[in-house]
Amino acid sequence: MKILVTGASGFIGKKLVQFLLDKNLSVRIMSRNIKDLNGLNHKNLEKVQADAQDYKQVLDALEGIDVAYYLIHSMEGESKDWGKFVEIDKKIAKNFADASTTCNVKRIIYVGGLVSIPDNQMSKHMSSRKEVGEILKTSKSKVTIFRASVILGKESGGFEMMKYLVERLPV
């Protein structure tokens, strides 16, 4: 079985890749910035540089993959660009769903957001996380969606934000 992990440079991605490699599975990791993955090395590890906004690059990354972990989230970079994240999320999810169908990926596993309120009451961020899951389900691949709340752990973005606030705003 060949596994692709997108978002491998993130908190969840790093932990997942190490877990899969410890199980001696064949893992391909995909990132726009391959330099971010320099610390990951293993005989069963393949690194692919690809921008998920480019369909051809996603198609190449998914070639020969059985299971793909979708840990991509476009809400990053400078705050002036955050308004574009919903459209970028849609485009990336569509590229991934279409390429997964073309490459006969058996399963996509997606970590989205925990949503339990009506759509019209959700933030743009949570609406986008939900919509990405719906777009991924348009693939012919089986899709598993995990709805996660904030994930805290040493080195996670959530942890670093909480640490920053605690250090600057003591009670």
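Being a predicted model, the structure only gives us computed values, none of them experimental.

**Q** Even after reading the chapter, I still don't get the overall build of the protein, so can you show me in this structure?
**A** In terms of helices and strands, the protein carries five helices and six strands. If you list the helices and strands of the protein from N to C, you get β-α-β-β-α-β-α-β-α-β-α. Relative to its 171 residues, the protein shows a buried fraction of 39%. Within the protein, residue pairs in contact and separated by at least 24 positions form 62% of the contacts whose partners lie at least 6 positions apart. Total accessible area on the protein is roughly 10100 Å²; 54% of this is exposed by carbon and sulfur atoms.

**Q** Explain the pattern of salt bridges here, please?
**A** Close approach of charged atoms allows side chains of opposite charge to pair. Overall, the coordinates contain eight salt bridges when judged by the stated rule. Measuring nitrogen to oxygen at the nearest pair gives 3.4 Å for the salt bridge that ties lysine 90 to glutamate 87. Pair noted here: lysine 90 and glutamate 87 are both in helix α3 (residues 85-102), with a separation of three residues, about one helical turn. In this structure, glutamate 134 and lysine 137 form a salt bridge, with 3.2 Å as the shortest nitrogen-oxygen distance. A cluster of three or more residues bridged by salt bridges with shared partners is formed by Lys2, Arg28 and Glu46.

**Q** What is the right way to read the nonpolar core from this model?
**A** Proteins that are soluble and globular tend to have nonpolar side chains buried together. Formed by 24 residues in total, the largest nonpolar core has its most connected members in Leu62, Tyr70, Phe96 and Leu136. Every element with two or more residues in this core is listed here: α2 (55-62), β4 (67-70), α3, β5 (107-113) and α4 (124-136). For tyrosine 70, the residues in contact, after removing those within four places along its chain, are Thr6, Asp89, Ile92, Ala93, Phe96, Ile108, Ile109, Tyr110, Val111, Val132 and Leu136.

**Q** When you look at the confidence of the model for the protein in this model, what are you seeing that I'm missing?
**A** Detailed reading of the predicted model is not advised wherever pLDDT is low. Predicted confidence across the protein gives a mean pLDDT of 85, with 81% of residues reaching 70 or more. For the protein, helix α5 (residues 157-168) is the element with the lowest average pLDDT, namely 71, and α2 is the one with the highest, namely 98.

**Q** I would appreciate a short explanation of the sheet that holds β4 in the present structure.
**A** Across a sheet, strands are paired by hydrogen bonds formed along the backbone, either parallel or antiparallel in direction. The strand order β3-β2-β1-β4-β5-β6 describes an open sheet built from six strands, whose pairing is parallel. The outermost strands of the open sheet, each flanked by one partner alone, are β3 (45-49) and β6 (142-148). The sheet shows a mean angle of 20° between the axes of neighbouring strands, taken without regard to direction. Two strands pair when backbone bridges link them, and strand β2 (residues 26-31) and β3 are joined in this way by five bridges, in the parallel orientation. Each residue of the ladder has a partner; that of serine 31, found in β3, is glutamine 49. Sitting on the sheet, α2 touches β1 (2-6), β2, β3 and β4, and the angle it makes with β2 is about 165°.

**Q** Help me understand the packing of α2 against α3 in this model?
**A** Relative to each other, α2 and α3 sit at 45°, their axes nearing to 9 Å. Between α2 and α3, the crossing angle belongs to the class labelled oblique. When the axes of α2 and α3 are compared, the crossing they make is right-handed. Only Asn95, Phe96, Asp98, Ala99, Ser100 and Thr102 of α3 make contact with α2, whose side of the interface consists of Tyr55, Val58, Leu59 and Leu62. In the contact of α2 with α3, the residues fall into six nonpolar, three polar and one charged.

**Q** Would you mind going over α2 with me for this structure?
**A** Residue pairs three or four apart in sequence face the same way in an α-helix, which turns once every 3.6 residues. Taken together, the buried positions of α2 are occupied by Val58, Leu59, Ala61 and Leu62. All buried residues of α2 project into a common sector of 165° when viewed along the axis, lining one side. Buried residues in α2 make contact with β1, β2, β3, β4 and α3. The opening residue of α2 is aspartate 54, an N-cap whose side-chain oxygen sits 3.0 Å from the backbone nitrogen of lysine 56. Residue glycine 64 follows α2 closely and has a positive phi angle near 80°.

Here is what the cut-offs are and how they apply
- Residues numbered from 1 in each chain as written.
- Predicted model: local features only at pLDDT ≥ 70, side-chain atom pairs only at ≥ 80, totals over all residues.
- Heavy atoms only, no water.
- Helix = DSSP H or I, 4+ residues; strand = E, 2+ residues; numbered from the N terminus.
- Buried < 20%, exposed > 50% of the residue type's maximum accessible area, 1.4 Å probe, protein only.
- Contact = heavy atoms within 4.5 Å.
- Areas by Shrake-Rupley, 256 points an atom, 1.4 Å probe, with all protein chains shown as cover.
- Salt bridge = Lys/Arg side-chain N within 4 Å of Asp/Glu carboxyl O.
- Core = buried A, V, L, I, M, F, W, Y, C linked by side-chain atoms within 4.5 Å.
- pLDDT = per-residue confidence, 0-100.
- Pairing = 2+ DSSP bridges.
- Axes fitted to C-alpha atoms, helices over the stretch in contact; angles between N-to-C directions.
- Parallel < 35°, antiparallel > 145°, perpendicular 65-115°, else oblique.
- Left-handed = near helix turned anticlockwise from the far one by under 90°.
- Nonpolar A, V, L, I, M, F, W, Y, C, P; charged D, E, K, R; others polar.
- Arc of directions from axis to C-beta.
- Polar contact = N/O pair within 3.5 Å; in protein donor to acceptor, adjacent residues only side chain to side chain.

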